[in-house]
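# Observations on chain architecture
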Amino acid sequence: MSVALDYQRVLLPHPGRTEPLSLDEHKAEDGYAAWQKALTRMTPDQVIEEVKASGLRGRGGAGFPTGTKWSFIPKTGGAKYVAVNADESEPGTFKDRELMEVEPHRVLEGVALCSYAIGAETAFIYIRGEYVCAADRLEAAIAEAEAAGLLGQACLGTSVNVRILVFRGAGAYICGEETALLESLEGRRPMPRSRPPFPAVEGLYRRPTVINNVETLANVPSIIDRGSGWYSSIGVPPRNTGPKIFCLSGRVNRPGNYELPLGAVTIRELIDDYGGGVIDGKAVKGVLTAGVSAPILSPDKLDTKLDYDSVQAAGSMLGSASLIVLDEDTCIVRAAALMEEFFRHESCGKCTPCREGTSWLHKVLSRIEQGHGAPADLELLLSLSGEISGKVLCALGDFATSPVVATVKQFRDEYEKHIAEQRCPFEPW
Amino acid sequence: MTLSDSTSAAIQKLVATYPEPRTALLPALKLAQADAGYLSREAIAEAADLVGVPHSAALELAEFYTMLHTEPRPPIRVVVCAQLPCALRGADDLIRELRAAVTSASVEIERTSECFGACHRAPMARRGEEYRENLVGDERARFISELRSV
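Residues numbered from 1 in each chain as written. Chains lettered and ligands numbered in written order. Predicted model: local features only at pLDDT ≥ 70, side-chain atom pairs only at ≥ 80, totals over all residues.

Bringing the overall build of chain B into the picture now. When you go through chain B residue by residue, the secondary structure sums to 7 helices and 4 strands. N-terminal to C-terminal, the α/β element order of chain B is α-α-α-α-β-α-α-β-β-β-α. Taken along its principal axes, the extent of the C-alpha atoms in chain B is 50 × 30 × 20 Å. Sequence separation of at least 24 residues holds for 63% of the intrachain contacts in chain B that already meet a minimum separation of 6. (Helix = DSSP H or I, 4+ residues; strand = E, 2+ residues; numbered from the N terminus. Contact = placed C-beta atoms within 7 Å.)

Turning next to the interface of chain A and chain B. The interface of chain A with chain B comprises 38 residues on the first partner and 31 residues on the second. Elements with a minimum of two residues in the side of chain A that touches chain B: helix H8 (178-185), strand S7 (243-250), strand S10 (322-327) and helix H13 (332-346) of chain A. The dominant element in the side of chain A that touches chain B, judged by the number of residues it contributes, is H13 of chain A, at 6 residues. Residue composition of the side of chain A that touches chain B, grouped by class: 16 nonpolar, 13 polar and 9 charged. (Nonpolar A, V, L, I, M, F, W, Y, C, P; charged D, E, K, R; others polar.)

Let us look at the confidence of the model for chain B. Regions with low pLDDT should not have their predicted coordinates read in detail. Across chain B, the average pLDDT comes to 96, with 100% of residues at or above 70. Two numbers describe this predicted complex: its pTM, 0.97, and its ipTM, 0.97. (pLDDT = per-residue confidence, 0-100.)

Residue and element names in this part refer to chain A. Within the open sheet, the 4 strands sit side by side as S3-S2-S1-S4. Their pairing is parallel. Edge positions in the sheet fall to strand S3 (163-168) and strand S4 (209-213), since each of these pairs with one other strand and no more. Sheet twist, expressed as the mean angle between neighbouring strand axes with direction ignored, is 20 degrees. Pairing geometry for strand S2 (residues 122-127) and S3, over 6 bridges, is parallel. For Ile125, the partnering residue across the bridge sits in S3 and is Val166. Along the sheet face, H8 touches strand S1 (81-86), S2, S3 and S4 and points at about 110 degrees away from the line of S1. Across the sheet, helix H9 (residues 214-226) lies against S1 and S4, angled at about 95 degrees from S4, the strand it touches most. (Pairing = 2+ DSSP bridges. Axes fitted to C-alpha atoms, helices over the stretch in contact; angles between N-to-C directions.)

Glancing now at the domain arrangement of chain A. Residue and element names in this part refer to chain A. According to the domain assignment, chain A contains domain 1 (18-233), domain 2 (242-327) and domain 3 (332-421). Distance from the C-alpha centre of domain 2 to the C-alpha centre of domain 3: 23 Å. Each side of the interface is counted separately: domain 2 has 8 residues, and domain 3 has 10 residues. Residue composition of the side of domain 2 that touches domain 3, by class: 5 nonpolar, 2 polar and 1 charged. (Domains from an automatic or database assignment.)

On to the packing of helix H1 (residues 5-17) of chain B against helix H2 (residues 25-36) of chain B. Residues and elements named next belong to chain B. Look at H1 against H2: their axes get within 10 Å of each other, and the N-to-C directions meet at 170 degrees. Here H1 lies roughly antiparallel to H2, going by the angle between them. Contacts between H1 and H2 involve Thr7, Ala10, Ile11 and Leu14 from the former and Pro27, Ala28, Leu31, Ala32 and Asp35 from the latter. (Parallel < 35°, antiparallel > 145°, perpendicular 65-115°, else oblique.)

Shown next as structure tokens:
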């Protein structure tokens, strides 16, 4: 077992627990101490500076520095908003679900701190419609916190008001894209906006808005309570600080959420030491590190440390840290076709290259997998990908090309075998 | 009126909840759908009127989101995730088995490429709003028997 045996979990300190912590249980673990501290001893700017100093980067996928994002909000008067991105829909990602289901007050405290820091009196938690249990638990926790005077009007007897509203989506991956999320909140079709203006200037209802992921905000109470110095000593400072929840799925013996310091373990260690190794002791064929939205890494990259910069240097992205493990029996063409089916289904249809391109990519991948591919199809896949990437309004188009380009380049022989033999050479799975 | 009095009242309450009324449109459509199990043109129009937006604005949401349905559906919907993490853990077998074992017209078995955030407990399905996870062995047998007894 590597490293992190003595690591004290910060975000999910009760592994295996499925019931939510009550307000009393949360308070017994110093819950809302950061909220009390901020409201009574810190200015909003000091909260922002503390978060900046911690080095916290957004946990939703992009890894943008959180304190810097908050500092973009103008100091002028008028309504400002926090929109929490709880539309967790990336295949292989289930960390925010556990945070909201088990640690709802930790999430709410983070939302409250962000609201205070930017001067927002209303925060929306935009949660995917399928997460009914998590949404119900958040609403129950909000009611508990409001009844205790922690949230709502005159929080903790101060002049600060923070109203947190849970807003349930209705099934659309695109709502995880921040401007599509805002459109959805405004009652419009969730299609991404062109930028500028950016949400920090014109966000929800055309007012300054911070959009943060659930896990990002769940980090904030500990930063404020224990200080940025403590926080930034976790992980690999200065660019990869703090704890991270790694979602491990696919062909491993013990899939699940594993909270570890950023950069503490390698991909191989996560799979073997935490995930119990690959099922039936098979060899790893490839690992996706950011759900299906970034290039697959081949087995020679298994000793890559799990932090933003190391994974990027290895040729992929850490993203939401959702690791999907493919073993030697996995047909890579079928895997790519499944991933592309997802993007075809989830493309909102606004940008022609994405709407048409994802459909064609899926069609070509499927025919190769089913034994009807032609040699020219490989160049067709790459050329189609080139017509999507960088030519659309949001990142979904770029994400959609990753499964294709990376697998064609790294597993070209497997594609060629499908085409040459006019069949899939693998057993069905 | 297509919508029940209680649904209409709940939508009116929602409209007053948000900084701008149109934010209530999506939740209003979900409430309207709960009345009849799907969104008829009349229900969409009434929800739009209660929120104060054009009928077309409501229709374009109803036709976009996968959890909204503009046609009647069987009373029991089972949606099985077949996206990569679930496929790697036997989702296709589960779908085959469910379709072979459950033949009642009141149960719909649907395959989806959407991910439901339960990859660590794959294979899985949603029965209505309920998550059914780790559908292997006895757990799968129980689920199938439950659906067969509908």
